[in-house]
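# Topology and contacts: notes
Listed below are the residues making up each chain.
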Amino acid sequence: MPINFFTQDIKFTPKNKTALRKWLHGVTKKETATIAELNYIFCSDEYLLELNKKHLNHNTLTDIITFDNSVHGQQSPVHRKKTANSKPWTVDRGLSTISGDIFISIPRVKENAKKYDVTFQHELHRVMVHGLLHLLGYKDKKPAHKKEMTAKEDYYLRQISSI
């Protein structure tokens with residue numbers, strides 16, 4: 001279940017890669033999934049902007065783009081559970097296997113950390129788990145989905161506070 005860290009056109013090394021891998025595996029396990037392969041590629045604004053234009057037809061800066069490389073025919077479908085006793089973000093998918101490439105702009109993360117008055121590490125971890133949550137089936141385009149995604153990010157960020 002490899003989690004890899006790469007760079008593209010910048011110099012950057014995430015701190016405590018072993019602890020990050022353990023945390024990301026823990027998130028995935030809690031969401032009842034496994035990782036076939038997960039690649040985090042840290043890059044510049046310019047590099048991510050080109051990906052954004054090429055693949056999403058967006059001419060805007062962003063902090064993250066997630067590419068789902070999972071073989072969807074082998075993945076269990078995601079079903080949201082809405083029961084009186086479950087949390088609103090509970091996902092029932094059975095065991096699924098994810099694979100993906102998550103591109104993160106380090107300059108965007110630095111700028112957003114200042115903007116939101118958080119540490120760089122906190123914002124980096126938020127973006128990293130955000131991309132993973134997308135691979136796990138969470139969306140963030142609609143207000144209700146965005147609220148759900150943010151709640152999940154906050155939940156998992158509390159588990160990594162020691163890194």
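Up top you'll find the structure we're talking about.
Notes on the structure follow. Note that the structure is a prediction, hence the values are computed from the model and not measured.

Quick look at the sheet that holds strand S2 (residues 33-43) now. Strand order in the open sheet formed by 4 strands is S1-S2-S6-S3, and the pairing between neighbours is mixed. The sheet is open, and its two borders are formed by strand S1 (3-8) and strand S3 (64-68), each paired with just one other strand. With direction set aside, neighbouring strand axes in the sheet form an average angle of 20°. Across 10 bridges, S2 lies against strand S6 (residues 96-105) in parallel orientation. What sits directly across from Leu38, in S6, is Gly100. The strands that helix H3 (residues 106-115) touches are S2 and S6; relative to S6, the one it contacts most, it runs at about 75°.

Turning our attention to unusual backbone geometry. Here the phi dihedral of Asn16 falls at roughly 50°; this positive angle occurs in a residue that is not glycine. Relative to the elements of secondary structure, Asn16 occurs in the loop between S1 and helix H1 (17-30). For Asn16, a relative accessible area of 45% translates into the label partly exposed. Even without a glycine there, the phi angle at Thr32 is positive, about 55°. A relative accessible area of 34% places Thr32 in the partly exposed class.

What counts and how
Residues numbered from 1 in each chain as written. Predicted model: local features only at pLDDT ≥ 70, side-chain atom pairs only at ≥ 80, totals over all residues. Heavy atoms only, no water. Pairing = 2+ DSSP bridges. Helix = DSSP H or I, 4+ residues; strand = E, 2+ residues; numbered from the N terminus. Axes fitted to C-alpha atoms, helices over the stretch in contact; angles between N-to-C directions. Contact = heavy atoms within 4.5 Å. Buried < 20%, exposed > 50% of the residue type's maximum accessible area, 1.4 Å probe, protein only.

Treat this as a map of the structure, not an account of what it does.
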